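Secondary and tertiary structure notes
These are the residues of each chain, in order.
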Amino acid sequence: MSYVEGWIFHEDGFFRGGISFSNEKIIEIFKSKPGKFARPKSIKKNEKPLAKGIIIPTFVNSHTHSADRALRAHVASYTGTLKQLVAPPLGIKHRYLANASKDELISSIQTSISEMLNSGTYTFLDFREGGLEGLEIFKNAIEKYFEKNDTKKSNIVQFKINAYPLSRPIENKYKKEELDLLLEHSIGLGLSSFVDWNEDEIRKVASHVKQKGKVLGIHASERIRENIDKILDLSPTFLVHMLEATDDDLEKVAEFNIPIVICPRANAFFGKIPNVPLMLKKGILLSLGTDNSMLSKPDMFREIEFTFRICRIHHFSKNAKMDVKPMDILKMAVQNPRIAFMNMKKGLHEEDTPDFIILRTDSIINKGEDCAGALMHASKDDIILAVNRSCDRAYRTHTNRNRRLGIFQKSSSRRLGNR
Ligand SMILES: [Zn+2]
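Here goes a summary of the coordinates provided. Bear in mind the structure is a predicted one, so any value in this text is a computation, not a measurement.

Side note on the packing of aromatic side chains
- The full count for this structure, using the stated rule, is seven aromatic pairs.
- Both rings, one in F238 and one in F341, keep their centres 4.9 Å apart while their planes meet at 70°; by these two values the pair is edge-to-face. Taken as a pair, F238 in strand 10 (residues 238–241) and F341 in helix 14 (residues 336–342) lie far apart in primary sequence, 103 residues in all.
- The buried category is assigned to F238, whose relative accessible area is 0%.
- According to the relative accessible area criterion, F341 is buried, its value standing at 4%.
- Put simply, the rings of F127, F238 and F341 pair up and form one aromatic cluster.
- Stacked on the ring of F15, the Lys or Arg K31 has its end atom at 5.3 Å from the ring centre.

This is the structure in structure tokens:
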């Protein structure tokens, strides 16, 4: 058994205490009394904590397109429209995906995974293009990644990631056999914008997904405002973006209790920012995603900081609807996606599988609220220890600026919630 101590994430705010855990589960979460720190009862007197710092659940990246990573340098100077870059089937990205070799795509996906694992993300939802073949490439990329990084063969840290692919048909058309196969091999569908589809076709697709009890994610009102009534009629599990949504559109999304995934850095690439204060004011459950790997490194620390700064912009603008707190933003990366997609409880709990990271902070932390504030400025260099799922042994081969980075791992079989 091991333990860590410091400030522990909780839905109502951070508290001071410690966590003792085995490879299988969290044994005890201990709350210190004000003014004095006491260790968990389950820990022997002379045992030292593995790490001290701010303890949060690992990040969930709620929206990625991991396969277009190779285009990152190329599109950095791109000045065309969003449609010309990403709309299927003729956008630059789709032409690239259609012509890239399988190995190149595998390499792109693997680099994206590496970037996530190195920055505290152990779960991601990927919109995988290319139909069944695209899914096969995704599966291959993940399997080969962990073969390549097998500690038995090399000295590299081995760790797993919970990869949840959302697939899509090759063409924006309803084909029953293709859909059956896609849904069998993925958690559901991740569709491009509603306006890219013929309405009858997308309706048939959506009712098929619903009938199979799978997840349906759709990009909505990203480049133009789309008809929210028609989109909600499809019973989506979640929407991505909603940049061009009106107050009424967001009201309806809130009424139907549909979560939204926002990707502020990708939006800013095209000169837009999501109205986070308004979305929160409506009571919408928001999660953060990094979107296309070619537009943003899938590093949740960067997405958190950027979201924090656009909320500051909203705060100083005349249209600010509410003040967004650092804790609201942190929840979008660690708690809200677990509620929206994984049917999980809020925060860290005894008996849960260990799944958290511990971050160093040099700031003055006087109260729990300050921890979320510290996280707005944190980066992957602040990770002292990552405890991810259960494992047979701890790996300590990786040093990070002379600080210890231990990884406990085992892949998870936790299911996403279907609806
Ligand atoms: Zn996207």
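On we go from here.
Observations concerning helix 12 (residues 300–316)
- Relative to the 24 Å expected for 17 residues at 1.5 Å per residue, helix 12 spans 24 Å between its end C-alpha atoms, a close match to the ideal helical length.
- Of all the positions in helix 12, only M300, F301, E303, I304, T307, F308, I310, C311 and H314 are classed as buried.
- By the N-cap criterion, in which a side-chain oxygen at the helix start approaches the backbone nitrogen of a residue two or three places on, helix 12 is capped by D299, the distance to F301 being 2.8 Å.

Thoughts on the sheet that holds strand 9 (residues 215–220)
- Here we have nine strands laid out as an open sheet, ordered 12-11-10-9-8-7-6-5-13, and parallel in their pairing. Each having just a single partner strand, strand 12 (286–288) and strand 13 (291–292) make up the two edges of the open sheet.
- Examined bridge by bridge, strand 8 (residues 188–191) and strand 9 share four bridges and lie parallel to one another. Each bridged residue has a counterpart across the sheet, and for G188 the counterpart in strand 9 is V215.
- Each of strand 5 (59–65), strand 6 (121–127) and strand 12 touches helix 12; the most contacted strand, strand 5, lies at about 90° to it.

Section: the pattern of salt bridges
- Enumeration according to the criterion identifies 26 salt bridges in this entry.
- When the shortest N-O distance is used, the salt bridge between K52 and E5 registers 3.6 Å. Here K52, found in strand 4 (residues 52–57), pairs with E5, found in strand 1 (residues 2–8); they are 47 residues apart in sequence, far enough to count as distant.
- Looking at E5, the relative accessible area reads 9%, which means it is buried.
- Between K93 and E129 there is a salt bridge; the shortest N-O distance is 2.5 Å. In this pair, K93 sits in helix 3 (residues 92–99) while E129 sits in the loop between strand 6 and helix 5 (131–148), placing the two residues 36 residues apart along the sequence.

Conventions used here
- Every chain is numbered independently, its residues counted from 1 as its sequence is written.
- Totals for whole chains, interfaces and linings use all residues, but because this is a predicted model, local features are given only for residues with pLDDT of at least 70 and pairs of side-chain atoms are given and counted only at 80 or more.
- Here the side-chain values reflect all heavy atoms present in the structure, with hydrogen atoms and water set aside.
- Two rings from Phe, Tyr or Trp (for Trp, the six-membered ring) form a pair when their centres sit within 6.5 Å of each other. Planes less than 30 degrees apart are called stacked, planes more than 60 degrees apart edge-to-face, and all others tilted.
- A helix here means a DSSP run of H or I that spans at least four residues, while a strand means a run of E at least two residues long, and both kinds are numbered starting from the N terminus.
- A simple rule labels every residue: compare its accessible area, found with a 1.4 Å probe on the protein chains alone, to the largest value its type can have, and call it buried under 20%, exposed over 50%, or partly exposed in between.
- Note on geometry: a ring has a charge over it if NZ (lysine) or CZ (arginine) is within 6 Å of the ring centre and within 35 degrees of the ring normal.
- Given the number of residues in a helix, its expected span is that number minus one, multiplied by 1.5 Å.
- Distance and chemistry together define a polar contact, namely a pair of N or O atoms within 3.5 Å, with one atom able to donate a hydrogen and the other to accept it when in protein, and with adjacent residues in sequence counting only for side-chain atoms on both sides.
- Think of it this way: DSSP has to see at least two bridges between two strands before they count as a pair.
- Any two residues whose heavy atoms approach within 4.5 Å at even a single point are treated as in contact.
- Note on definitions: angles span 0 to 180 degrees between N-to-C directions of axes, and those axes are lines fitted to C-alpha atoms, for helices only across the stretch in contact.
- Here, a salt bridge means any Lys or Arg side-chain nitrogen found within 4 Å of an Asp or Glu carboxyl oxygen.

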